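Overview (structure and organization)
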Amino acid sequence: MKRRVSIGLAVVLLLAVVGVIIWGDDSKPDLTTVRGVIGSEKQAFFTDQRVVDAFARHGVKVEVDTAGSRQIATTVDLGKYAFAFPSSSPAAQKIQRDRKVTTVYTPFQSPMAVATFEPIVALLKANGVVRKGAGDYDVFDIGKYLELAKAGTRWDQLPGNTAYPARKNVLVTTTDPRESNSAAMYLSIVSFVANGNTVVSTPEQEAKVLPSVAKLFLDQGYTQNSTEGPFEDYLSAGMGKTPLALVYESQYVGRVVRGDGSVRPDMRMLYTAPTVYSKHTLVPLSADGDKVGRLLATDPELGKLAATFGFRTNDPKLFADVAAPAHAPADLVDAVEPPSFETLERLLDAVGKQY
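As a starting point, this report considers the structure included with it.

For the protein chain, the helix and strand inventory stands at 15 helices and eleven strands. Along the first, second and third principal axes, the C-alpha set of the protein chain runs to 100 × 45 × 35 Å. Classification of the 355 residues of the protein chain by burial places 51% in the buried group. By element, 54% of the accessible surface of the protein chain is carried by carbon and sulfur atoms, the whole surface being about 16400 Å². Each charge class in the protein chain was averaged separately, 39 positive and 39 negative side chains, and the resulting centres sit 3 Å apart.

Structure, rendered in structure tokens:
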């Protein structure tokens, strides 16, 4: 009798296990898969398990493909996506116009900055290129920098330079302007200063600034197509290869906050003066995409996680608390707007034709 009971219990248990395997665990809610196309600098955020779990608690599974912001706005087939999430407001505005979307979300943003080293900071301070900003942080003066670049000044020609007497031009390392959003943001900054501290808005102004801004890209030689490239070179190869690297603030701050040891004690971050905010703007292309945008803009958990990746969220205090180890200022006064999408595209195309 006992043996028959044991066999019966074993059969029941086996059937229960098979049932779980076949039909799944009903205690777990079904997730709605929402596909989007994003700028590559946000991929680490969307694939982080904590972010995946946070979306799941709202019944959403977000899957993303990556592309450059220019490509998202012009060549990517958006028909298969529920949302587009470029890294710049001009690209988002074009998508919004083309797709006749009335609501967009800007859940986080990141100003442009220059990653460098303490000896370089000291050298550039002595030569008037680095100075104190409006707060307790150093800035990289774009006007002074353009003067050096226009003259073709080499590092070893800077007076008093014993820290970095390299026989190459004083240039910020950027990405390829034909492909990368960060290069487009850099073009927005340098064209503003080259245009007499005014946003470029006419064909005449485009022609006026083109020679000087194109030189900043062409004189670099080879450039990579993603901001992760020069930033990784900066972290791994050091001052010899990359004394000045254009980065998103979020890249630098995110590494410091996560404490992975990649940002060493002699490394520094300077804010360009002026700077431009790269405004990560989500354009919903369906109701599900709209839900993802609303969650990113309003959910406190997702906001806190975005701050751990260095993004400035809609809650300034949240960013200030999370980013405290990186000593990032709460506010940057010297910030300007980029040109319109059409103006920026014409400038980028004109630079690209000179390669």
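The next thing to look at is the packing of aromatic side chains. Within this structure, the stated rule accounts for 14 aromatic pairs. When the centroid spacing of 5.3 Å and the interplanar angle of 80 degrees are considered together, the rings of F45 and F46 count as edge-to-face. Exposure class is identical for F45 and F46. Each is buried. The rings of F45, F46, F55, F83, F85, F108, F309 and F311 are connected pair by pair, giving a single aromatic cluster. Its end group placed over the ring of F85, K42 keeps NZ or CZ at 4.5 Å from the ring centre. Directly above the aromatic system of Y355 lies the positively charged group of R178, at a separation of 4.0 Å from the ring centroid.

Of all hydrophobic cores here, the largest spans 69 residues; its most connected members are L124, F140, Y145, W155 and Y234. Residue contributions to this core peak at nine residues, all from helix α8 (residues 181-194). When residues no more than four places from it in sequence are discounted, the contact partners of L124 are V129, V130, F140, W155, L158 and L244. If you look at the next biggest cluster of nonpolar residues, it comprises 24 residues, including V62, V64, A82 and F311.

Here the structure, examined in full by the defined rule, presents one cavity of 30 Å³ or more. Here the largest cavity defines a volume of roughly 70 Å³. Lining the largest cavity, in full, are S69, R70, S88, P90, A91, N181, A184, M185, F341, L344, E345 and L348. Secondary structure elements with two or more residues in the lining of the largest cavity: α4 (69-74), α5 (89-99), α8 and α15 (341-352). Among the elements that take part in the lining of the largest cavity, α15 stands out by supplying four residues, more than any other. Looking at side-chain class alone, the lining of the largest cavity contains seven nonpolar, three polar and two charged residues.

Right, let's get into unusual backbone geometry. Excluding glycine, most residues fall at negative phi; most peptide bonds, likewise, are trans. Going from A273 to P274, the amide bond is cis rather than trans, its omega being 5 degrees. Residue placement: P274 occurs in the loop between β8 (267-273) and β9 (275-284). Of note in this structure, N197 is not a glycine but carries a positive phi near 60 degrees. Relative to the elements of secondary structure, N197 occurs in the loop between α8 and α9 (203-218). With phi around 55 degrees, H327 is a residue other than glycine that occupies positive phi space. For H327, a relative accessible area of 68% puts it in the exposed group.

Across all of its chains, the model carries 25 salt bridges by this definition. Notably, a salt bridge pairs D156 with R154, separated by 2.9 Å at the nearest N-O pair. Across the pair K279 and E337 runs a salt bridge whose closest N-O atoms are separated by 3.3 Å. Taken together, the positions of K279 in strand β9 and E337 in the loop between β11 (335-336) and α15 put the pair 58 residues apart, joining distant regions of the chain. Look at E337 and you get partly exposed, because its relative accessible area is 45%.

Before going further, it helps to examine the layout of surface pockets. The space that makes up the largest pocket amounts to roughly 430 Å³. In terms of lining, the largest pocket is formed by 21 residues, of which the most central are M267, R268, M269, A326 and H327. Taken together, the elements giving at least two residues each to the lining of the largest pocket come down to α6 (118-126), α11 (249-258) and β8. If one sorts the elements of the lining of the largest pocket by residue count, β8 sits on top with five residues. Considered class by class, the residues forming the lining of the largest pocket number 13 nonpolar, one polar and seven charged. Roughly 330 Å³ of volume is contained in the second largest pocket. A class-by-class count of the residues in the lining of the second largest pocket yields six nonpolar, seven polar and four charged.

Their axes nearest at 10 Å, the elements helix α3 (residues 49-56) and helix α13 (residues 300-308) cross at an angle of 165 degrees. When the axis of α3 is compared with that of α13, the two are roughly antiparallel. Handedness of the crossing formed by α3 with α13: left-handed. Packed against α3, whose contacting residues are R50, V51, A54 and F55, the element α13 presents E301, L302, L305 and T308 at the interface. Classifying every residue of the contact of α3 with α13 by side-chain character gives five nonpolar, one polar and two charged.

Conventions we followed
Residues numbered from 1 in each chain as written. Predicted model: local features only at pLDDT ≥ 70, side-chain atom pairs only at ≥ 80, totals over all residues. Heavy atoms only, no water. Helix = DSSP H or I, 4+ residues; strand = E, 2+ residues; numbered from the N terminus. Buried < 20%, exposed > 50% of the residue type's maximum accessible area, 1.4 Å probe, protein only. Areas by Shrake-Rupley, 256 points an atom, 1.4 Å probe, with all protein chains shown as cover. Lys, Arg positive; Asp, Glu negative; His and termini not counted. Charge placed at Lys NZ, Arg CZ, Asp CG, Glu CD. Phe/Tyr/Trp six-rings, centres within 6.5 Å; stacked < 30°, edge-to-face > 60°. Lys NZ or Arg CZ within 6 Å of the ring centre and 35° of its normal. Core = buried A, V, L, I, M, F, W, Y, C linked by side-chain atoms within 4.5 Å. Contact = heavy atoms within 4.5 Å. 1 Å grid on protein atoms, 1.4 Å probe; cavity = no way out; pocket = protein on both sides within 12 Å on 5 of 7 lines; lining within 4 Å. Points joined across faces, edges and corners; volume = space filled by probe spheres on them. Nonpolar A, V, L, I, M, F, W, Y, C, P; charged D, E, K, R; others polar. Salt bridge = Lys/Arg side-chain N within 4 Å of Asp/Glu carboxyl O. Axes fitted to C-alpha atoms, helices over the stretch in contact; angles between N-to-C directions. Parallel < 35°, antiparallel > 145°, perpendicular 65-115°, else oblique. Left-handed = near helix turned anticlockwise from the far one by under 90°.

Structural measurements only, silent on function.
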